[in-house]
Every structure is written in C-alpha cells, then in structure tokens.
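The chain contents come next:
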Amino acid sequence: MSAYHPLTESEAIAYARRLPDLFQPDSELTSREIGDGNLNLVFHISEPSTGKSIILKQALPYAKVVGESWPLTLDRARIESEALMIQESLCPDLVPHVYAYEPDLALTVMQDLSDHTIMRKGLIERNQYPLFAGHIGTFLARTLFYTSDLGMNQQEKKERVKRFINPELCKITEDLIFDDPYTDSPNNNVPPAIRDAVAAIWQDTGLHLEVAILREKFLTHAQALLHGDLHTGSIFIKPDSTKVIDPEFAYYGPMGFDIGAVFANLLLNFAAQEGWGEDEASRQDFRSYLTGTVRDVWETFDREFRELWNQHGTDRIARTPGYQDWYMQEVLRDTFGFTGSKMVRRVHGLAQVADINQIQDEAAKERAQRLALAIGTALIKFNRQATSIAQMIEIAEKAVK
C-alpha cells in the first residue's frame, strides 16, 4: 500500500491495524468516511470492544469541493503534520496528537476529537465557551512567538521558512481573500439580494489600496509560522477543552493573519445574530459575549506574547526600549486589516460560512450579509490607524446601530 492512491475504508482499517500500541490484535475495527469539507478524505477508525478511536486524514491531489479540475499538491499533508507536531511541542493541550505520518500516502494519523464540537456549529447553536479566549490567546502567543525571529535562532528560522513555503495553498488565499472579492470574479458567489453592496466594494479604490497593502504583507512578511486557516471550523471545542486542527495552509506570514482569522469568524457570527437571536435583547446578549471574547483573546495574546519576549527573547537589539510597543501595535493594525478581509471574502467569495448561509429568514440573512460587509470594510479601511482592540469592538457595535 505504499504507492499513493485514495484509500478505501477497508484499506484505512488495514493501515490502522498495523499501527503499534493502538488497537488489540485481531479485534474488530470499524470505519466511516466523515469528510472535512473541501480538500481531504477523513476516516474515523474505532475499536468497539475498547472504545478506542483515531482519525486518518488523507490529502487528495485536488480540491474535493471543486473536483479534479483544481489540482493541489500532496505536500500539504507533510506541512500539516509537521505544523501540528511543532504546535503540540509548544501547546500540548491545544492541538490533537499526531500518531503517525505516512508520506507515500499523504496520510496523517491523529487523535480522535469526537467528544468535541466544531466551534462554528457550537456558536450557531449559541453556546458560550468561557475558557476559549484564554486557550486560543495562549495558542497564538506561543506558536507565533516561538516560531518568530524573536523566539528562535534566526538562521534556524530561515531553514524552517523553506520547509513551509506552501505556494499552492498560499495561492488559494492570495486569490480568494485578497483579489476575487474586489472584482467581478467567476470565483465569487454573490447573493443577488446584496449585489449592490458587493458592486460598491468592486468600485471602492480606497478600500482596494488597503487590501493591496495587506496582500503585500501576506506575500512578503515572513514573521512567524502561521496556522494559515484559523477559523471556527478549524477549532474543536467543549467547555473545558480547545483543540486547533487542520493547519495544512501553514506557512511563514504576518502574525495578524492568524489572529484576524479568529476575530473575523467571531464577528461573522456577531453579524449572523440577525438570524439566530429570538429578539433584540437575546441578540445583544450573545453579541456582547462575542465582542468580549475578541477583547479577551487579544488581551491574553498581548500579555503572554510580551511575557515570552521579556523572558525568552533571543535577540539583543529587539530589547531596545520602545521596540516592543511599536511591534505589538503593528501586529494589532495587521489584525484589524486581516480581520476585515477575512470577513468580506466569507460573504460573497467562493467559500462562505454556515453562520450566515444557514439563516432561514431571507430578510434576516440579507441584514447579516450587509452587516458583515459593513464591519469588514470598515476594519480594512481603519487598519493602519488602529491603536486598541476596543476600536474593533466599537466598529462592530456602530455597524449594528
């Protein structure tokens, strides 16, 4: 089974049976292909007699959401497994454990998280997760600091940048986030009810300037090893646990892109409360939870990142008075811009979000879409002026009013 081919369920079981120290010899194993959305085969392998289970994730040589007409590199499986192992070394409780990586099959074997919920689903169900802000703030602080020039040997970092170039998946991001939403691209999926708002975005050259600046940072600013796709569909959660999954878009880029991805998806749900809250008081209550989470994530990240810098910084010149404050302000400003750009693409771009698209009431869905675009474009336009996370919350709340 060494030559690459997409696995069948029986082949997935046979592979799992050969893994050491996981399952009982000759015991019955069952498999179901559970998929993960757009790009991969995912098998859930379980041993009914013991309740043990694992996940086998196999990269396909094309985007499953489109088909074989959109080829993709299988090297993304290596990138994902290596990124997960780096993240586990830094945040052992916040990512799934990797049991094995099989390069010939582009296959990663990892911890089963079936006792967790996909965070996007949990937020649509209006569940609150009081530990999430602390967990994800710590994840961001540790993974971004310790993979940056601030927290590791700078020559070793350059060697690592080579291993995570990831041009094919970066190309998806470059097009779908920083280009297609701002022009009448065939990759867009424009809801007819908001075509006027989308057309205004296509004509807004001031907005396009800010997007061009953000895109240049995404293309060139190799600050830290990013997850690269850190939305609420890439987070498994339960009240006492948070697990970040699916870093196949991992590459060296600007820190604010990962932080902005988290904030964008919280604020997309904020906009979607138009269709999920039963009344204005209920909407306001859940929105306050979401904006409070944005604030708490940033404050956790900012505090812990500075502590790591002060205690474990590797670079003498980076201790120059004033440099840390300048650096963190730049990360904040990038975060504003990337939050906005991640929001805009999720409203009328190729891959949209269930938070908004599953709203049944068409008028409420349209209000949510327009609100998300208003918040997203405002954040993009304001990004280079930002000085505090409170301003992001003010922009969101003002758009509702």
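Model, not experiment: these values are computed from the prediction.

What counts and how
- Residues numbered from 1 in each chain as written.
- Predicted model: local features only at pLDDT ≥ 70, side-chain atom pairs only at ≥ 80, totals over all residues.
- Heavy atoms only, no water.
- 1 Å grid on protein atoms, 1.4 Å probe; cavity = no way out; pocket = protein on both sides within 12 Å on 5 of 7 lines; lining within 4 Å.
- Points joined across faces, edges and corners; volume = space filled by probe spheres on them.
- Helix = DSSP H or I, 4+ residues; strand = E, 2+ residues; numbered from the N terminus.
- Nonpolar A, V, L, I, M, F, W, Y, C, P; charged D, E, K, R; others polar.
- Axes fitted to C-alpha atoms, helices over the stretch in contact; angles between N-to-C directions.
- Parallel < 35°, antiparallel > 145°, perpendicular 65-115°, else oblique.
- Left-handed = near helix turned anticlockwise from the far one by under 90°.
- Contact = heavy atoms within 4.5 Å.
- UniProt positions renumbered as here; feature names shortened; annotations may be inferred.
- Buried < 20%, exposed > 50% of the residue type's maximum accessible area, 1.4 Å probe, protein only.
- Pairing = 2+ DSSP bridges.

Some words on empty space enclosed by the protein
Under the criterion given, the structure shown has two cavities of 30 Å³ or more. Considered as a void within the structure, the largest cavity measures approximately 60 Å³ in volume. Looking at the largest cavity, the residues that line it are A83, I86, Q87, L90, F139, T143, T147, L225, L226, H227 and A250. Contributions of two or more residues to the lining of the largest cavity are made by α2 (75–90), α4 (132–146) and β9 (224–226). Per-element tally for the lining of the largest cavity: the top contributor is α2, with four residues. Its volume calculated, the second largest cavity comes out at about 40 Å³. Forming the boundary of the second largest cavity are N40, K57, Q58, A59, R76, A77, E80, A106, T108 and E248. At the level of secondary structure, the elements contributing two or more residues to the lining of the second largest cavity comprise β3 (52–59) and α2. Here the lining of the second largest cavity is built from residues that sort into three nonpolar, three polar and four charged.

Structural notes on the packing of helix α9 (residues 255–276) against helix α13 (residues 362–382)
The N-to-C vectors of α9 and α13 enclose an angle of 150°; their axes lie 7 Å apart at closest approach. Between α9 and α13, the angle falls in the class roughly antiparallel. Regarding α9 and α13, the two cross each other, and that crossing is right-handed. Taking contact as the criterion, the partners of L267, L268, F270, A271, A272, E274 and G275 in α9 are, on α13, A364, R367, A368, L371, A372, I375 and L379. Among the residues making up the contact of α9 with α13, the classes are represented as 11 nonpolar, one polar and two charged.

With respect to the environment of G228
Here G228 lies in the loop between β9 and β10 (235–238). Residues G228 and D93, 135 residues apart in the sequence, show an inter-C-alpha distance of 20 Å. Those residues within four positions of G228 in sequence are excluded, and the remaining contacts are F249, F257 and D258.

Examining the side chain of T335
Relative to the helices and strands, T335 is located in helix α11 (residues 323–348). Non-local contacts of T335, meaning those with residues more than four positions away in its chain, are made with G256, I259, G260, F263, W298 and M392.

Brief notes about the UniProt feature "binding site: substrate" (unreviewed entry) in the chain
The residues that UniProt annotates with the feature "binding site: substrate" (unreviewed entry) are D229 and R345. The named residues occupy 117 residues along the chain; their greatest pairwise C-alpha distance, 13.1 Å, places them in one compact cluster. Here D229 is to be found in the loop between β9 and β10. With residues near it in sequence (within four places) discarded, D229 still touches S234, F249, D258 and K342. As for its placement among the helices and strands, R345 is situated in helix α11.

Comments concerning the layout of surface pockets
There is about 240 Å³ of room inside the second largest pocket. Surrounding the second largest pocket, 18 residues form its lining, H221, Q223, Y323, W326 and Y327 being those nearest its centre. A per-element tally of the lining of the second largest pocket places α11 first, with six residues. Residues that form the lining of the second largest pocket fall into these classes: eight nonpolar, four polar and six charged.

Examining the pairing of strand β2 (residues 40–47)
One face of the sheet, then the other: side chains in a regular strand alternate in exactly this way. Extensive coverage of β2 is indicated by the burial of eight of its eight residues. The alternating pattern of β2 places N40, V42, H44 and S46 on one face and L41, F43, I45 and E47 on the opposite face, and all of these are buried. Bridging between strand β1 (residues 30–33) and β2 involves four bridges; their strand directions are antiparallel. Of the residues in β2, the one forming a bridge with T30 is S46. Alignment of β2 against β3, held across eight bridges, turns out to be antiparallel. Paired with N40 across the bridge in β3 is A59. Between the antiparallel neighbours β2 and β3 lie four residues, among them G51 with a positive phi of about 80°.

Remarks on the sheet that holds β2
The pairing of strands in a sheet happens through backbone hydrogen bonds and is either parallel or antiparallel. Strand order across the open sheet formed by five strands is β1-β2-β3-β7-β6, with antiparallel pairing between neighbours. One side of each edge strand has no neighbouring strand; the edge strands of this open sheet are β1 and β6 (98–102). When strand polarity is set aside, the average angle formed by the axes of neighbouring strands in this sheet is 20°.

Re unusual backbone geometry
One non-glycine residue, D21, adopts positive backbone phi at about 65°. Secondary-structure assignment places D21 in the loop between α1 (9–18) and β1. For D21, a relative accessible area of 77% gives the class exposed. Positive phi, normally seen in glycine, also occurs at A106, with a value near 50°.

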